[in-house]
Amino acid sequence: MCGIIGYVGDKKIVPLLIEGLKKLEYRGYDSAGICVLDGGMLKSIKDKGRISELEKEEPLKWISGNAGIAHTRWATHGKPDEINAHPHFDCKKEIAIVHNGIIENYQSLKKLLIKEGHMISSETDSEIIAHLIEKFYEGDLEEAVTRVLKLLEGTYGLAVLSNKEEKIIVAKKGSPLVIGVGDGEMFIASDISPIIEHTNKIIYLSDGEVGIITKDRYIIKNIDGNGVDKKVHEVKWSIDQIEKGNFKHFMLKEIFEQPEVIRNTFRGRIKDGKIKLSLNIDFKKIKRIILTACGTSWHSAVIGKYLIEEYAKIPCEVDYASEFRYRNPMVNTDDLLIAISQSGETADTIAALKEAKGKGAKTLGIVNVVGSTISREVDSGIYLHAGPETGVASTKAFTSQIAALTLFSLYLGQESGMDIDNEILKEMEIIPEKIEKVLENSERIRNIASRFKDKNNFLYFGRGINFPVALEGALKLKEISYIHAEGYPAAEMKHGPIALIDKNMPIVFLATKSSISSKILSNIEEVYARDGKIISVVNEKTPEVEKFSEELIIVPETIEELSPIINVISLQLLAYHIADLKGLDVDKPRNLAKSVTVE
Ligand code: F6R
């Protein structure tokens, strides 16, 4: 995720673009930049950090003009710094671009450009777009842009400005882009939030479309240059609604982003039946893997253990980072420590990583925030590409961590000579559609939530790879609804927790199809016999589960290894709806912080 904005018109352009960026800051906030066509020159200011940092730049005061573009970045390729910040330019600084998305084939295009003498200054995938436009430019910007688009693989919401004309060219594929139609002025942006205070007339660009924007008109074409008729929508949304995408809370928005997030985590990493990860670690030397993390990320680490042992057959241990760092752990030079973290800034995880590194282990990070401390400290890493997570309760980061761990464990297996089963690759491709089906259950889950919201305790039971999902379901509920909840491996119930079960105890069972479905069914019967109120997450309505369950949550079937991604989403929704029905502050639960940077 990144935010882009552009303007052609007579208003004071710098304040307009800066204010617009602030509205888009929820889409990314590690660096920002602005470029204005001022007296035939492209004048640009970029800065690391938030828009408030950019805004302080003195030279901004001296920039004026009638066409400009700006960007707030959420790093995917290259650390968050001034050089990697957008806009990016061609060699002569006559073409500026801002880009949201990922160009998958940028490495090969970059090599070609360097061979032809282009000086590429950033580590980003985006900068090559400006150089490619320069390469093809023969006096017609639109023509050059469309030629470049045909070469790009991946996703883009793109805006291009040149020093020749007061005009912006925009293009969209996979990343959002809208045009605001004003009176003698035009706006472009990633979404309508920075536009709506100026005009409510909005055009939503579709994939494969290109727009040519001047202050008095817009022309929309397809990539082959044929004109496209677009509807102009009259939008009546408030700013708050827009930033949250019309969702009541960021947490709900982020739950609903998960189909796209999982696509992004997998994007460009599965090709021709093989997993493509560029990791500079010699895995043949690795004898043991230690996964370490905190909280929700620790739950994905437990799932990672199942996946790595299943696909890569390497012994695996999981440790709470806070425990690992203080217990003088035995670590060897043929160990690999994997640190999992959404923020990349969790103090205990950083300390555990340093402890293992100090003892000679190789280290790998599975991290969302590009350029974060963990991503800089590790030998190698896999970014989640989940976009900014704003809700304090982690949702999309968790499922993308499982997706990244699936990629990694298959990659390890592949590197040791294993053939990857086609079935899992096929399922990985269609899992986003299956997540969409789970999300369709949201209202049904809200009904279940309304029935159970006043309970004081909950138990969550799962087995195998769904045991950590039970832990995560319980954590989600307790952190946002303040209801006491515990997750257990279902078979452990008889060793203690069964004493808690009576007619007042709701018990969520993860009972989707698996190699141990019959065992889960026996556990369900045992709870039923003690009057527990059972909510079962299942793949279909069977007479057995129906008989014993108060409520069923039916989710699509997938292979067992990927079932945590599907199953946890219904538990995220259950926790969300319970907390919302209780009228609690879902996005900022009491006593919690998004990033725990103290031990
Ligand atoms: C729970 C939650 C926390 C984090 C934990 C680790 O919803 O968000 O438990 O998972 O604080 O944070 P990261 O992943 O940033 O290291």
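Visitor: Can you lay out the domain arrangement of the protein chain for me, pointing to particular residues and giving the numbers?
Guide: Where interface size is quoted, it is often the accessible area lost as the parts come together. When the domains of the protein chain are assigned, the result is domain 1 (3–240), domain 2 (244–420) and domain 3 (436–587). The gap between the C-alpha centroids of domain 2 and domain 3 is 25 Å. Counting residues at the interface gives 31 residues for domain 2, matched by 27 residues for domain 3. Approximately 2500 Å² of surface area, both sides summed, lies buried where domain 2 meets domain 3, with 69% of it carried by carbon and sulfur atoms. Counting every contact that joins domain 2 to domain 3 gives two salt bridges. For the salt bridge of Asp-580 with Lys-248, the shortest nitrogen-to-oxygen distance reads 2.9 Å.

Visitor: So what about the pattern of salt bridges? Which residues, and what values?
Guide: Tallied over the entire structure, the rule returns 41 salt bridges. Here Lys-164 makes a salt bridge to Glu-94, at a shortest N to O gap of 3.4 Å. In this pair, Lys-164 is assigned in the loop between β7 (156–162) and β8 (168–173) and Glu-94 in the loop between β5 (88–89) and β6 (95–100), connecting sequence segments 70 residues apart. On the accessibility criterion, Lys-164 (46% relative accessible area) is partly exposed.

Visitor: Tell me about the site of the ligand, and name the residues and values.
Guide: Taken together, the neighbourhood of the ligand is formed by 14 residues, with Ser-297, Ser-341, Ser-343, Thr-346 and Glu-479 sitting nearest. Contact between the ligand and Thr-296: an oxygen atom at 3.1 Å from a main-chain N or O atom of the residue. One nitrogen or oxygen atom from the side chain of Thr-346 is found 2.5 Å from an oxygen atom belonging to the ligand. Taken by itself the ligand offers 400 Å² of open surface, and the protein chains cover 90% of this. Those elements that provide at least two residues to the shell around the ligand are α9 (295–311) and α16 (467–481). Taken together, the residues that form the shell around the ligand break down as four nonpolar, eight polar and two charged.

Visitor: Which residues make up the packing of aromatic side chains, and what are the values?
Guide: Enumeration according to the criterion identifies ten aromatic pairs in this entry. In this structure an aromatic cluster arises from ring pairing among Phe-283, Phe-408 and Tyr-411. One Lys or Arg, Arg-590, reaches over the ring of Tyr-482 and ends 3.8 Å from the middle of that ring.

Visitor: Tell me about the packing of helix α13 (residues 396–415) against helix α19 (residues 563–581), and name the residues and values.
Guide: Between α13 and α19, whose axes approach to 10 Å, the crossing angle comes to 175°. The angle between α13 and α19 falls in the class roughly antiparallel. For the pair formed by α13 and α19, the contact residues are Phe-398, Thr-399, Ile-402 and Ala-403 on the first element and Pro-564, Ile-565, Val-568, Ile-569 and Gln-572 on the second. Looking at side-chain class alone, the contact of α13 with α19 contains seven nonpolar, two polar and no charged residues.

Visitor: Please provide a residue-by-residue account of the layout of surface pockets, values included.
Guide: Estimates place the volume of the largest pocket at around 1000 Å³. In this structure, the largest pocket is lined by 32 residues; those nearest its centre are His-77, Tyr-106, Arg-269, Ser-278 and Tyr-383. Those elements that provide at least two residues to the lining of the largest pocket are α3 (106–115), β20 (362–367), α12 (373–377) and β21 (380–383). With four residues, the top contributor of residues to the lining of the largest pocket is β21. Of the residues in the lining of the largest pocket, the class split is ten nonpolar, twelve polar and ten charged. Split by domain, the residues of the lining of the largest pocket number at least three in each of domain 1 (3–240) and domain 2 (244–420). Empty space within the second largest pocket amounts to approximately 830 Å³. For the second largest pocket, the lining is made up of 33 residues, of which Met-1, Arg-27, Pro-176, Glu-257 and Glu-260 are closest to its centre. Contributions of two or more residues to the lining of the second largest pocket are made by α7 (250–256) and α8 (258–266). Sort the elements by how many residues they give to the lining of the second largest pocket and α8 lands first, with three residues. Classifying every residue of the lining of the second largest pocket gives 15 nonpolar, eleven polar and seven charged. Lining the lining of the second largest pocket are residues from two domains, each supplying at least three of them: domain 1 (3–240) and domain 2 (244–420).

Parameters and conventions
Residues numbered from 1 in each chain as written. Predicted model: local features only at pLDDT ≥ 70, side-chain atom pairs only at ≥ 80, totals over all residues. Heavy atoms only, no water. Domains from an automatic or database assignment. Contact = heavy atoms within 4.5 Å. Buried area = accessible area lost by both parts, 1.4 Å probe. Salt bridge = Lys/Arg side-chain N within 4 Å of Asp/Glu carboxyl O. Helix = DSSP H or I, 4+ residues; strand = E, 2+ residues; numbered from the N terminus. Buried < 20%, exposed > 50% of the residue type's maximum accessible area, 1.4 Å probe, protein only. Near = heavy atom within 4 Å. Polar contact = N/O pair within 3.5 Å; in protein donor to acceptor, adjacent residues only side chain to side chain. Areas by Shrake-Rupley, 256 points an atom, 1.4 Å probe, with all protein chains shown as cover. Nonpolar A, V, L, I, M, F, W, Y, C, P; charged D, E, K, R; others polar. Phe/Tyr/Trp six-rings, centres within 6.5 Å; stacked < 30°, edge-to-face > 60°. Lys NZ or Arg CZ within 6 Å of the ring centre and 35° of its normal. Axes fitted to C-alpha atoms, helices over the stretch in contact; angles between N-to-C directions. Parallel < 35°, antiparallel > 145°, perpendicular 65-115°, else oblique. 1 Å grid on protein atoms, 1.4 Å probe; cavity = no way out; pocket = protein on both sides within 12 Å on 5 of 7 lines; lining within 4 Å. Points joined across faces, edges and corners; volume = space filled by probe spheres on them.

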